[in-house]
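Results of the structural survey
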Amino acid sequence: MYWDCASLAAKGLARNWPILPGCVLLFMLYNFSSAFFSQFGFAGGMIAGMIQIALLCYFYSWISSTVQKERLTFKDLPEFDGGLFFNIISVAFIFFIVQFVLQQLTQGLDAKFLLMCVQLGIVIVFNAIPEVIYLHRIESTYALSEAARFTRDNWIEWFAPLLLVLAPVLLASPLSVLLMLAHSDPMLPPFIVVTGVLNSNFGQATAFLLPLLALLIAIWYMVFRGHLFQALSSGTRRQRMYKSKSR
């Protein structure tokens, strides 16, 4: 199953290669918006957040088309999926509210460890939230419950490839793996993890090419996750149908 998903991901990116430079552009715009609007305080952060969700919408749309074996050209890339945008923002808003409330409740306290544990729990429990959003097209708390249920039913098969990617860092420093996961974005799980792995293996010698290389690997891994999600979801459905018939 893993080999099939990896092969499909490679073939999909070869077919839809225009999304690779498109994702590089999205990454540059993402970093620029963060740096530019951060100087305007809370309002600037909200504007940057909306821009980043729009960029994430483009990314999810391209990944979804690739996973579903559609062909994309440069002319297709600017098409904006409004429905997908609102699906994303409905989940991102919940994450924002949870983090904001926790920060307010722990203001003035040394609660970094608590906040890190909550973030780590979010990343693990809702790890499949990107695939739930762009493949199932559901939103808000329903999307979160579906992602949590998927993790519960498939946690071994789902996290095994991630543990393989993290193996070098895990052997050297298990705590570093937890810190990387705790600081990753639940809406875009692979990127910071891949960055951390490359940084641990190659150090500063590749600092210039590191973000670009990490981005390309993260794109492939997102497509791989999409195919794996579909394979595991169909298997889970078959198991439920078999159990219900047995009863």
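This text goes with the structure placed above it.
Residues numbered from 1 in each chain as written. Predicted model: local features only at pLDDT ≥ 70, side-chain atom pairs only at ≥ 80, totals over all residues. Heavy atoms only, no water.

When helices and strands are counted, the protein shows 10 helices and 0 strands. Secondary structure of the protein in N-to-C order comes out as α-α-α-α-α-α-α-α-α-α. By the burial criterion, 41% of the 247 residues in the protein qualify as buried. Long-range pairs, those at least 24 residues apart, make up 76% of the contacts in the protein with a sequence separation of at least 6. Total accessible area computed for the protein in this model is approximately 13600 Å², and 69% of it derives from carbon and sulfur atoms. (Helix = DSSP H or I, 4+ residues; strand = E, 2+ residues; numbered from the N terminus. Buried < 20%, exposed > 50% of the residue type's maximum accessible area, 1.4 Å probe, protein only. Contact = heavy atoms within 4.5 Å. Areas by Shrake-Rupley, 256 points an atom, 1.4 Å probe, with all protein chains shown as cover.)

Let's shift gears to the pattern of salt bridges. Pairing is possible between side chains that carry opposite charge, provided their charged atoms lie close to one another. A complete count under the given rule lists 4 salt bridges for this structure. The partner of E146 in a salt bridge is R149, with the nearest N and O atoms 1.9 Å apart. Placement of the pair is E146 and R149 together in helix 7 (residues 140–172), with a separation of 3 residues, close to one helical turn. Classification of E146 by relative accessible area gives buried; the value is 14%. With a closest N to O distance of 3.0 Å, D153 and R152 form a salt bridge. Of the residues examined, D153 reaches a relative accessible area of 29% and is grouped as partly exposed. The exposure class of R152 is exposed, given its relative accessible area of 55%. (Salt bridge = Lys/Arg side-chain N within 4 Å of Asp/Glu carboxyl O.)

A word on the packing of aromatic side chains. Taken as a whole, this structure holds 16 aromatic pairs when the rule is applied. Ring geometry for F96 against F100: centres 5.9 Å apart, planes inclined by 20°, an arrangement best described as stacked. You can see F96 and its partner F100 sitting in helix 4 (residues 82–105), 4 residues apart, about one turn around the helix. Aromatic ring contacts, followed pair by pair, group Y58, W62, F80, F85 and F86 into a single cluster. (Phe/Tyr/Trp six-rings, centres within 6.5 Å; stacked < 30°, edge-to-face > 60°.)

Let us look at the packing of helix 7 against helix 8 (residues 174–182). The contact between helix 7 and helix 8 brings their axes to 6 Å, and the two run at 130°. Comparing the axis directions of helix 7 and helix 8 gives the class oblique. Along its contact with helix 7, which presents L162, L166, V169, L170 and A172, the element helix 8 presents P174, S176, V177, M180 and L181. Considering only residue class, the contact of helix 7 with helix 8 consists of 9 nonpolar, 1 polar and no charged. (Axes fitted to C-alpha atoms, helices over the stretch in contact; angles between N-to-C directions. Parallel < 35°, antiparallel > 145°, perpendicular 65-115°, else oblique. Nonpolar A, V, L, I, M, F, W, Y, C, P; charged D, E, K, R; others polar.)

Moving on, we come to unusual backbone geometry. The phi torsion of most residues other than glycine is negative, and most of the peptide bonds are trans. Positioned with a positive phi, R137 is a non-glycine residue whose angle comes to about 55°. Summarising the element assignment, R137 is placed in the loop between helix 6 (129–136) and helix 7. Residue R137 is classed as partly exposed on the basis of its relative accessible area, which comes to 37%. Backbone geometry places S140, a non-glycine residue, at a positive phi of 55°. Within the secondary structure, S140 sits in helix 7.

Counting residues in hydrophobic clusters, the biggest one holds 57 residues, and the most contacted among them are F59, Y60, I88, I129 and M187. The element best represented in this core is helix 3 (residues 41–67), accounting for 10 residues. Contact partners of M187, with chain neighbours within four places excluded, come to L56, Y60, I88, V91, A92, F95, I129, P130 and I133. (Core = buried A, V, L, I, M, F, W, Y, C linked by side-chain atoms within 4.5 Å.)

With that out of the way, let us pick up a nonpolar patch on the surface. Taken together, F42, M46, F93, F96, I97, F100, V101 and L105 make up a surface patch of nonpolar side chains, about 760 Å² in accessible area. For the nonpolar patch, the secondary structure elements donating two or more residues are helix 3 and helix 4. Here the nonpolar patch takes 6 residues from helix 4, the largest share from any one element. Classification of V101 by relative accessible area gives partly exposed; the value is 39%. (Patch = residues over 30% accessible without salt bridge, like charges linked within 9 Å, V, L, I, M, F, W, Y side chains within 5 Å.)

Function-wise, these values are silent; they only describe arrangement.
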